[in-house]
Amino acid sequence: MPVARYTTKALQPESVMGALGFGCGRPVMIAGPCSVESEEQILAAARAVKAAGASALRGGAFKPRTSVRSFQGLGEEGLRLLARAGAETSLPVVTEVMDTAQIDLIASYADVLQIGSRNMQNFALLKEIGRAGKPVLLKRGLAATVDEWLAAAEYITASGNDQVILCERGIRTFETSTRNTLDISSAILARSLSGLPVIVDPSHAAGRRDLIAPLSRAALAAGLDGLMVEVHPRPAEALSDKEQQLDLDAFRALMEELALAPLSPERRLLEIEAAMRSLEAERVGLVGRGN
Ligand code: PEP
Ligand code: MN
């Protein structure tokens, strides 16, 4: 059993992590396409996820693809488009760093630096990335134990940066009907052992969009701190991970199902009126009993 090695300080609303929504008593939702593909695509995704209540925009510009023949990302142009979409929608942006040589460039565009699964034990990268002074989203390796995951996080906190977010994105098991196997127990343990916020990425865990909603519900029911979900305006045309990306309507429906979507003033008014009627009925009942 791994032991706790560190705990982060209480998250202050005025801290960068607070600005992302951590520590505010509401699950954080990071959403956006697997890869930034064009200005139109990232802007459409950003506007839709913002309107649906997301707290941050994701999008890969440097992509860790299994095959060199697959789309590798737009590179710096992708960072530029992502940062512009984030600025237009007032959403902080999250994107992956694959190499120490990319840290300064990516930190000049992004609010949160992501370390992908395949780099969870890239110790040179872990040692350097904390120095950029930005929150780091550390994904769990495909075959990493909780102990190894927390040890990787400690490489970042050891540089004096305790703004680390852990992300469970499914592990390799014998099961082949899903892309990976979402390991909620380890996510819960990692959270209690480290004191760090832990989010779940159901998109890469399942690899199929029909499981995103139930896995998201499971993660939030387990008390985890948030979710990272892939969303694309036209998933069938996506240049990466097309089977697991939600379209804009499905994302909106997910946010409503999770009670994370902002309510229209009309809907909120109806809720307030219903609550007032119920309180009035309770008041009348109590008065009738002579209290
Ligand atoms: C991603 O989030 O873009 C990604 C590549 O995920 P993972 O590192 O979990 O495979
Ligand atoms: Mn992806």
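Residues numbered from 1 in each chain as written. Chains lettered and ligands numbered in written order. Predicted model: local features only at pLDDT ≥ 70, side-chain atom pairs only at ≥ 80, totals over all residues. Heavy atoms only, no water.

**What to know about the nonpolar core**
Taken as a class, soluble globular proteins show a tendency for nonpolar side chains to be buried jointly.
Phase 1: Met29, Leu57, Ile129, Leu138, Leu166, Val229 and Phe251 are the most contacted members of the largest nonpolar core, which totals 63 residues.
Phase 2: The element best represented in this core is helix α6 (residues 146–157), accounting for six residues.
Phase 3: Membership of the second largest hydrophobic core comes to 13 residues, among which are Leu20, Val112, Ile165 and Cys167. (Core = buried A, V, L, I, M, F, W, Y, C linked by side-chain atoms within 4.5 Å. Buried < 20%, exposed > 50% of the residue type's maximum accessible area, 1.4 Å probe, protein only. Helix = DSSP H or I, 4+ residues; strand = E, 2+ residues; numbered from the N terminus.)

**What to know about the domain arrangement of the protein**
Interfaces are often sized by the accessible area lost when the parts come together.
Phase 1: Annotation of the protein at the domain level lists domain 1 (8–260) and domain 2 (264–291).
Phase 2: Each of domain 1 and domain 2 has a C-alpha centre, and these two points are 41 Å apart. (Domains from an automatic or database assignment.)

**Here we look at the layout of surface pockets**
Phase 1: Here the largest pocket is characterised by a volume of approximately 310 Å³.
Phase 2: For the lining of the largest pocket, the element with the highest residue contribution is strand β3 (residues 93–96), accounting for three residues.
Phase 3: For the lining of the largest pocket, the per-class residue count stands at four nonpolar, 10 polar and nine charged. (1 Å grid on protein atoms, 1.4 Å probe; cavity = no way out; pocket = protein on both sides within 12 Å on 5 of 7 lines; lining within 4 Å. Points joined across faces, edges and corners; volume = space filled by probe spheres on them. Nonpolar A, V, L, I, M, F, W, Y, C, P; charged D, E, K, R; others polar.)

**Re the site of ligand 1**
Phase 1: Residues in contact with ligand 1, as listed here, are Arg58, Lys63, Pro64, Glu96, Gln114, Gly116, Ser117, Arg118, Lys139, Arg169, His204 and Met228.
Phase 2: Within the side chain of lysine 63, a nitrogen or oxygen atom sits 3.0 Å from an oxygen atom of ligand 1.
Phase 3: Here an oxygen atom of ligand 1 and a side-chain polar atom of arginine 118 are 2.8 Å apart.
Phase 4: Here ligand 1, which alone exposes 300 Å², has 96% of that area covered by the protein. (Near = heavy atom within 4 Å. Polar contact = N/O pair within 3.5 Å; in protein donor to acceptor, adjacent residues only side chain to side chain. Areas by Shrake-Rupley, 256 points an atom, 1.4 Å probe, with all protein chains shown as cover.)

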